[in-house]
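Chain residues, written in single-letter form:
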Amino acid sequence: MSRLAERLPSEDSFRSELRSPTVAARVGLWLGVCFTVCFLTGLVSHYAQNVDHPVPFPASPSWGYRVTQGLHVITGTAAVPLLLVKLWTVFPRLFARPGRGVRALAVTALERASILALVGSAVFLLVTGLMNSAQWYPWAFSFRSTHYAVAWVAIGSLVVHVAVKLPVIRAALGADVDDTTLDRPRTDRPGTDGPGTDRPTERGGGLSRRGLLRTTWAAAGLAVLATAGSTVPLLRKVSVLAVRTGDGPQGLPVNRSAAAAQVTTDDVGDSYRLTVAHGSRTVELGREDLLAMTQHTVDLPIACVEGWSADATWTGVRVADLLALVEAPADSDLRVTSLQRAGAFGTTALQASFVEDDRTLLALQVNGETLSLDHGFPCRIIAPNRPGVLQTKWVTSLEVLA
């Protein structure tokens, strides 16, 4: 054990002046901002996908979900380089010996437990979040419910960590970044060789603290620039890492193709019927019947949980007009059923706040063209401010919920 202890690094083994509380606090501040925005926008997305809404999810502004989910992915991406630099600056603290006394031991234990929970949950969220953006799911658990649960662990451990370190954070943010008052005693200073030791040490090289911070901000900015084009159309030509660029058949990306959903041309042929049901009243409509009804055109973005969004012009029948055929109130909650045989969200709930909105359509066309099979032919739901995963394609029935 003694030989192992000799080989393990100690806090004094890390002597770079860049590993300073003044640097860590500044990086941590922006990391905290990114985590908080990502957490809050994640709550919005999770709530929007719930079946029941104690408070109705609003249909306006129509671009609301586009902005919140775009911010969710952008801030999550920006957090990656910030987290790496933050961990690098505070890494020596993990090898510090705790102070004496019950209180010192308790504070140290709380600090390290919060760091363990924060780092573990943050890495999990960032990795799985990026995989979700790329629609790669090499796991058996539910992404949505697990991501939601771990987000609470992350934000809770962040609050605990900030509470424990608040005195140091306040002092570090109130001091100049080059102030050495809060540095560890054996940190090397510029222009000195540092105390003699037989252990390997590190140097800050030619990089100053301000240079490290500028490099960190630049890395976070480049990460955002490389991915934000999924949400911001003006950046699509430079966002080389954006998983969706707004391109695709009929001017829109396709998340789940008809083949992936196991929907065939036979399912949507001449025998296709849309069922609209309200209690004992039922109406069946073919696509020609839908085309014979009054058509409405709306400009609405479609935005998905992966962070991408795109503008489109939709034409179809108002859902409220379909409910009128079975004498159902326009403020009804609906169960929407798809022809799809594979994948999640084959059945979704369309709340009254969307149903009664005149912009909510059973769309038959997009951008002036008949819906392609991959975009939901013969008809799909399009509603304002609604997650794309709930804009059900290949709709086969609308049922009024009691």
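Structure shown above.
These notes cover the structure that comes with them. A quick note: this is a predicted structure, and the numbers were derived from the prediction, not measured. (Residues numbered from 1 in each chain as written. Predicted model: local features only at pLDDT ≥ 70, side-chain atom pairs only at ≥ 80, totals over all residues. Heavy atoms only, no water.)

Overview of the packing of aromatic side chains
- This structure, assessed with the given rule, holds eight aromatic pairs.
- A ring pair is formed by phenylalanine 124 and phenylalanine 141, whose centres lie 5.9 Å apart and whose planes are at 40°; its orientation type is tilted. Linking phenylalanine 124 in helix α4 (residues 102-133) with phenylalanine 141 in the loop between α4 and α5 (143-174), this pair joins segments that are 17 residues apart in sequence.
- Overall, the relative accessible area of 25% leaves phenylalanine 124 in the partly exposed class.
- The exposure class assigned to phenylalanine 141 is partly exposed, which follows from its relative accessible area of 34%.
- Aromatic rings pair up to connect Phe124, Tyr137, Trp139, Phe141 and Phe143 into one cluster. (Phe/Tyr/Trp six-rings, centres within 6.5 Å; stacked < 30°, edge-to-face > 60°. Helix = DSSP H or I, 4+ residues; strand = E, 2+ residues; numbered from the N terminus. Buried < 20%, exposed > 50% of the residue type's maximum accessible area, 1.4 Å probe, protein only.)

With respect to the sheet that holds strand β2 (residues 281-285)
- Overall, mixed pairing links the five strands, which are arranged β2-β1-β10-β5-β6 in an open sheet. Either end of the sheet is taken by a strand with one partner, and the two such strands are β2 and β6 (347-350). Adjacent strand axes in the sheet meet at a mean angle of 15°, parallel and antiparallel pairs treated alike.
- Of the pairings in the sheet, the one linking strand β5 (residues 334-338) to β6 comprises four bridges and is antiparallel in character. Within β6, the residue paired with arginine 335 across the bridge is alanine 349. (Pairing = 2+ DSSP bridges. Axes fitted to C-alpha atoms, helices over the stretch in contact; angles between N-to-C directions.)

Quick notes on the pairing of strand β10 (residues 395-400)
- In terms of burial, β10 is a largely internal element, five of the six residues being buried.
- Direction of pairing for strand β1 (residues 274-278) relative to β10: parallel, over a ladder of three bridges. Note on β10: the bridge partner recorded for valine 276 is leucine 398.
- The pairing of β5 with β10 spans five bridges and is classified as antiparallel. Counted as the bridge partner of leucine 334 is valine 400 from β10.

Looking at the state of the cysteines
- For the coordinates displayed, the defined rule picks out zero disulfides.
- The cysteine cysteine 34 is free of any disulfide, with cysteine 38 supplying the nearest cysteine sulfur at 8.3 Å.
- Judged by relative accessible area, which is 10%, cysteine 34 ranks as buried. (Disulfide = S-S within 2.5 Å.)

As for the nonpolar core
- The biggest cluster of nonpolar side chains holds 37 residues, and the ones touching the most others in it are Leu274, Leu290, Leu322, Leu350, Leu362, Ile381 and Val395.
- Listed by contribution, the elements that provide at least two residues to this core are α7 (258-261), β1, α9 (319-324), β5, α10 (352-355), β7 (361-366) and β10.
- Sequence-distant contacts of leucine 274, defined by excluding residues within four places in its chain, comprise Val283, Glu284, Leu285, Leu290, Leu322, Leu362, Val395, Thr396, Ser397 and Leu398.
- Of all hydrophobic cores here, the second largest spans 25 residues; its members include Phe35, Phe39, Ala78 and Ala220. (Core = buried A, V, L, I, M, F, W, Y, C linked by side-chain atoms within 4.5 Å. Contact = heavy atoms within 4.5 Å.)

Focus: the environment of arginine 281
- Positionally, arginine 281 belongs in strand β2.
- Through-space distance from the C-alpha of arginine 281 to that of valine 298 is 29 Å; in sequence the pair is 17 residues apart.
- Filtering out sequence-adjacent residues up to four positions away, arginine 281 remains in contact with Val276, Val326 and Glu327.

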